[in-house]
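# Summary of the model geometry
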Amino acid sequence: MSPNCRFDAVIHFAGLKAVGESVQKPLLYYNNNLIGTITLLEVMAAHGCKKLVFSSSATVYGWPKVVPCTEDFPLVAANPYGRTKLFIEEIARDIYRSDSDWKIILLRYFNPVGAHPSGHIGEDPRGIPNNLMPFVQQVAVGRRQALTVFGTDYNTKDGTGVRDYIHVVDLADGHIAALHKLDEDKIGCEVYNLGTGKGTSVLEMVAAFESASGKKIPLVTSGRRPGDAEVVYASTEKAERELNWKAQYSIDDMCRDQWNWASKNPFGYDTSESTK
Ligand code: UD1
């Protein structure tokens, strides 16, 4: 590496993230997510770059006994995908224990949704979307007929699962805040939740998207999806206090920006599809 080309820090977002696929193809997940991370850490160490921000996930809280989730909750993994996040967190803690020059921030994402307000950058999953909002979006643009609601018998306000949805722009800002934190003297290996601290049900999300898009989202109800938790939302206190960061966007903002992206790019980045 040329001396003019030094890296100050690395933000490591790369990873496979489909829970069902990880159950079918665990080695693919361990190879890509774990080996990829180990290789990255080795290269960083070899070049004296020891500042890392890593994308972890609220999946490490499993089905929490109480909410909001605080960073000191016990950690579990319910599937190979979740295990890769948990293992990488443990690897990061071990690295810091072995070499206190490292400064590492693990960010536990809750449920990122929305799109860049410009409408030019958004999520474009391949195949059938696993996650709620990409699926809702594809129903709204006519690519899928109806949303299947997984579980209507949860002990929640309307029987559907509750999650902490966070706008991707807020999530991105959380990374900038983490990078600034890495400049402080004593960091060690720290973990922060990135969420809003608010729980929203599946039906509330659908209603918000319907009003943002003016489209009706037909629903089909079905049983619970295996492995799904009932209610998961973040405590955001630690991130607010120590990163000086707080999510700004509301559920309506998330739906507005996601619809802006979807209506401008109904087939995502695939322009050939849009002419079919
Ligand atoms: C899921 C993963 C989680 C991962 C995250 C990545 C599972 C069990 N969990 O989180 O490990 O970190 O994605 O983004 O897959 N829902 C429907 N119909 C759908 C899709 C979802 O009703 O077609 C419901 C779910 O039951 C849940 C809520 O919508 O109550 C959110 O689901 P989803 O967007 O998949 O996120 P998580 O399950 O929270």
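Residues numbered from 1 in each chain as written. Predicted model: local features only at pLDDT ≥ 70, side-chain atom pairs only at ≥ 80, totals over all residues. Heavy atoms only, no water.

### Notes on the overall build of the protein
So the rule is basically this: Numbering of helices and strands runs from the N terminus; a helix is a DSSP stretch of H or I covering at least four residues, while a strand is a stretch of E covering at least two. We compute the radius of gyration from the C-alpha atoms alone; for a globule the expected value is 2.2 Å times N to the 0.38, where N is the number of residues. Think of it in three bands: with a 1.4 Å probe and only protein chains considered, a residue is buried below 20% of the maximum accessible area for its type, exposed above 50%, and partly exposed in between. For this analysis, residues touch if any pair of their heavy atoms sits within 4.5 Å. Shrake-Rupley sampling with a 1.4 Å probe provides the accessible areas, and residues are treated as covered by the protein chains on show and by no other component. Under the counting rule used here, the positive set is Lys and Arg, the negative set is Asp and Glu, and His together with the chain ends is not counted. Charge coordinates come from a single atom per side chain, which is NZ of Lys, CZ of Arg, CG of Asp or CD of Glu.
Within the protein, the secondary structure is distributed over 9 helices and 10 strands. Here the protein has a C-alpha radius of gyration of 19 Å; the compact-globule value for 276 residues is 19 Å, and the two agree. Its C-alpha atoms give the protein principal-axis dimensions of about 55 × 45 × 40 Å. When the 276 residues of the protein are sorted by exposure, 46% land in the buried category. Considering only residue pairs separated by 6 or more positions, the protein has 80% of its internal contacts joining residues 24 or more positions apart. Summed over its atoms, the accessible surface of the protein is roughly 14,000 Å², and 53% of this surface lies on carbon and sulfur atoms. Of the side chains in the protein, 30 bear a positive and 33 a negative charge, and the two mean positions are spaced by 3 Å.

### Considering the environment of Glu-242
Structurally, Glu-242 is set in helix H7 (residues 237-243). Given the relative accessible area of 27%, Glu-242 is considered partly exposed. Sequence spacing of Glu-242 and Ala-177 is 65 residues, and the spatial spacing of their C-alpha atoms is 9.4 Å. Excluding residues within four positions of it along the chain, Glu-242 makes contact with Lys-181 and Tyr-192.

### A closer look at the site of the ligand
Stated formally: Working definition: residue near molecule or strand if any one of its non-hydrogen atoms lies within 4 Å of it. Throughout this description, a polar contact denotes any pair of N or O atoms lying within 3.5 Å of each other; where both atoms belong to protein, one of them has to be capable of donating a hydrogen while the other can accept it, and for residues adjacent in sequence the pair is counted only when both atoms sit in side chains. The residue classification treats Ala, Val, Leu, Ile, Met, Phe, Trp, Tyr, Cys and Pro as nonpolar and Asp, Glu, Lys and Arg as charged. All others, Gly included, are polar.
Contacts to the ligand come from 19 residues, most closely from Leu-132, Thr-148, Arg-163, Arg-225 and Asp-228. The separation between an oxygen atom of the ligand and a polar side-chain atom of Lys-17 is 3.5 Å. Between the ligand and Arg-163, the relevant distance is 2.6 Å, taken from an oxygen atom to a side-chain nitrogen or oxygen of the residue. Protein contacts shield 89% of the accessible area of the ligand, which totals 740 Å² for the unbound molecule. It is strand S5 (residues 147-150) that provides the largest number of residues to the shell around the ligand, a total of 4 residues. Across the shell around the ligand, the residue classes tally to 8 nonpolar, 7 polar and 4 charged.

So yeah, pure geometry; function would need other evidence.
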